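Coordinates in review
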Amino acid sequence: MLRGIDVSAYQSSAYSTDGLSFVFIKATEGRSYVNPKLTAQVKTARDSGCVVGFYHFLWPGDITAQAEYFVGKAPEKAGDLLAVDWETTGDGTHASNAEKDRFVRKVKELRPDHRVLLYTNRNFWLNVDTTSYAGDGLWIADYVTAGEPRIKAKWRFHQYTDNPVDKDVAQFSSKAALREWAAD
């Protein structure tokens, strides 16, 4: 399994990439937030040769506007991954299943040459999700042994801890295999 992390404005722009094959970076949230460290965090990942992904923290509401905002702010380079982060918001709400699905489909429409993933936690996947739609792949958060999330669905990425940073593994045999899948 490949190792990676995901970062946001809470992490340094000069995070360690030792031993990593991929990095997901928070790009946007809702319709007004852009990660102020986005450019520097992308540079760190690209300079180390990691596969780069971007994610958007989804809020309920105008899904088309959020998708357009996300693709307008996330860098666009062949082979980059895109993801929607679907979980409870800061005010205790969450986008509906239909909104989540619509967002993934809209991002795929706006960036047809990019893989679009669903990031969610185990509770959402098992108890909130009713469609099992994850676009091009599921990125599941479940804080257990790396690579052993407690779900039956096929997954591509597994966030297994947030200590000291969000750490992930990916089900690919090599970084080249991940790059090939991302670019396909």
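Residues numbered from 1 in each chain as written. Predicted model: local features only at pLDDT ≥ 70, side-chain atom pairs only at ≥ 80, totals over all residues. Heavy atoms only, no water.

**Observations concerning the packing of helix H2 (residues 63-73) against helix H3 (residues 97-110)**
Worth spelling out the cut-off: In this description, a line fitted to the C-alpha atoms serves as the axis of each element, helices being fitted only across the stretch in contact, and the angle between N-to-C directions of two axes falls anywhere from 0 to 180 degrees. By the criteria applied, helices consist of DSSP H or I runs no shorter than four residues and strands consist of E runs no shorter than two, each listed in order from the N terminus. For this classification, under 35 degrees means roughly parallel, over 145 means roughly antiparallel, 65 to 115 means roughly perpendicular, and everything else is oblique. By the definition used in this description, the sense in which the near helix is turned from the far one sets the handedness, with an anticlockwise turn below a right angle giving left-handed and a clockwise turn giving right-handed. The contact definition used throughout considers only heavy atoms, calling two residues in contact when any of these lie within 4.5 Å.
Relative to each other, H2 and H3 sit at 40 degrees, their axes nearing to 9 Å. What the angle tells us is that H2 and H3 run oblique. Here H2 and H3 pass one another in a crossing that is right-handed. Taking contact as the criterion, the partners of Ile-63, Thr-64, Gln-66, Ala-67, Glu-68, Phe-70 and Val-71 in H2 are, on H3, Glu-99, Arg-102, Phe-103, Lys-106, Val-107 and Leu-110.

**A look at the side chain of Glu-99**
The cut-off we apply is this: Note on exposure labels: buried denotes an accessible area under 20% of the residue type's maximum, exposed denotes more than 50%, and partly exposed covers the range between, all computed with a 1.4 Å probe on protein chains only. Positive charges come from Lys and Arg, negative ones from Asp and Glu, while His and the chain ends are left out of the count. Any carboxyl oxygen of Asp or Glu that lies within 4 Å of a side-chain nitrogen of Lys or Arg is treated as forming a salt bridge with it.
Along the chain, Glu-99 falls in helix H3. Arg-102 provides the closest opposite charge to the buried, salt-bridge-free Glu-99, at an N-O distance of 4.6 Å. Other than its neighbours up to four places away in sequence, Glu-99 contacts Leu-58, Pro-60, Gly-61 and Ile-63.

**Concerning helix H5 (residues 175-183)**
Put simply, the rule is: The directions considered for the arc run from the helix axis to the C-beta atoms.
The set of residues buried in H5 consists of Leu-178, Trp-181 and Ala-182. For H5, the angular spread of the buried residues around the axis is 100 degrees, confining them to a single face. Turned more than 90 degrees away from the buried face of H5 sit Ala-176, Glu-180 and Ala-183, all of them exposed. Each element contacted by the buried residues of H5 is listed here: strand E1 (2-7), strand E2 (22-29), strand E4 (51-57), strand E5 (81-85), strand E6 (115-121) and strand E8 (157-161).

**Looking at the nonpolar core**
Note the cut-off: Put simply, buried Ala, Val, Leu, Ile, Met, Phe, Trp, Tyr and Cys residues joined by side-chain atoms within 4.5 Å make one nonpolar core.
Core analysis: the largest hydrophobic core is formed by 38 residues, its most contacted members being Val-23, Ile-25, Phe-54, Phe-70, Phe-103, Val-107 and Leu-138. Ranked by residues supplied to this core, first place goes to H2 with four residues. Residues within four places of Val-23 in sequence aside, it is in contact with Ile-5, Val-7, Tyr-15, Ala-45, Cys-50, Val-51, Val-52 and Gly-53. Listed in part, the 17 residues of the second largest apolar core include Leu-81, Leu-117, Trp-139 and Ala-170.

**Some words on the pairing of E6**
Defined as follows: For two strands to be treated as a pair, DSSP must find no fewer than two bridges joining them. Here, the term right-handed applies to a crossover whose path from the first strand over the helix to the second runs clockwise when the strands point away from the viewer.
With six of seven residues buried, E6 is to be regarded as a mostly interior element. In terms of strand pairing, E5 meets E6 through five bridges, oriented parallel. The residue bridging Leu-82 from the neighbouring strand is Val-116, located in E6. For the crossover that starts at E5, traverses H3 and ends in the parallel E6, the hand is right-handed. Pairing of E6 with strand E7 (residues 138-141) involves four bridges; the strand directions are parallel. Residue pairing for E7: Tyr-119 is matched across the bridge by Trp-139. Note on the crossover from E6 through helix H4 (residues 122-128) to E7: the handedness is right-handed.

**Brief notes about the packing of aromatic side chains**
Our working rule: Each Phe, Tyr or Trp ring (for Trp, its six-membered ring) is paired with any other whose centre lies within 6.5 Å, and the angle between the two planes then decides the class: stacked below 30 degrees, edge-to-face above 60, tilted in between. Lysine NZ or arginine CZ positioned within 6 Å of the ring centre and within 35 degrees of the ring normal marks a charge as sitting over the ring.
Under the defined criterion, the tally for this structure stands at 10 aromatic pairs. Summarising the aromatic geometry, the rings of Phe-24 and Phe-157 are spaced 5.2 Å apart at their centres and angled 90 degrees between planes, so their arrangement reads as edge-to-face. One end of the pair, Phe-24, is in strand E2; the other, Phe-157, is in strand E8, and 133 residues separate them in sequence. Here Phe-24 and Phe-157 have matching classes, each one buried. Note that Lys-100 overlies the ring of Trp-86, its terminal NZ or CZ placed 5.1 Å from the centroid. The residue whose ring lies beneath Arg-105 is Tyr-133, and the NZ or CZ to ring-centre distance is 4.0 Å.

**Looking at helix H1 (residues 38-47)**
Listed as buried for H1 are Leu-38, Gln-41, Val-42, Thr-44 and Ala-45. The arc that holds every buried residue of H1, seen down its axis, measures 160 degrees, which confines them to one face. Away from its buried face, by an angle of more than 90 degrees, H1 presents the exposed residues Thr-39, Lys-43 and Asp-47. Within two residues after H1, Gly-49 carries a phi angle of roughly 85 degrees, on the positive side.

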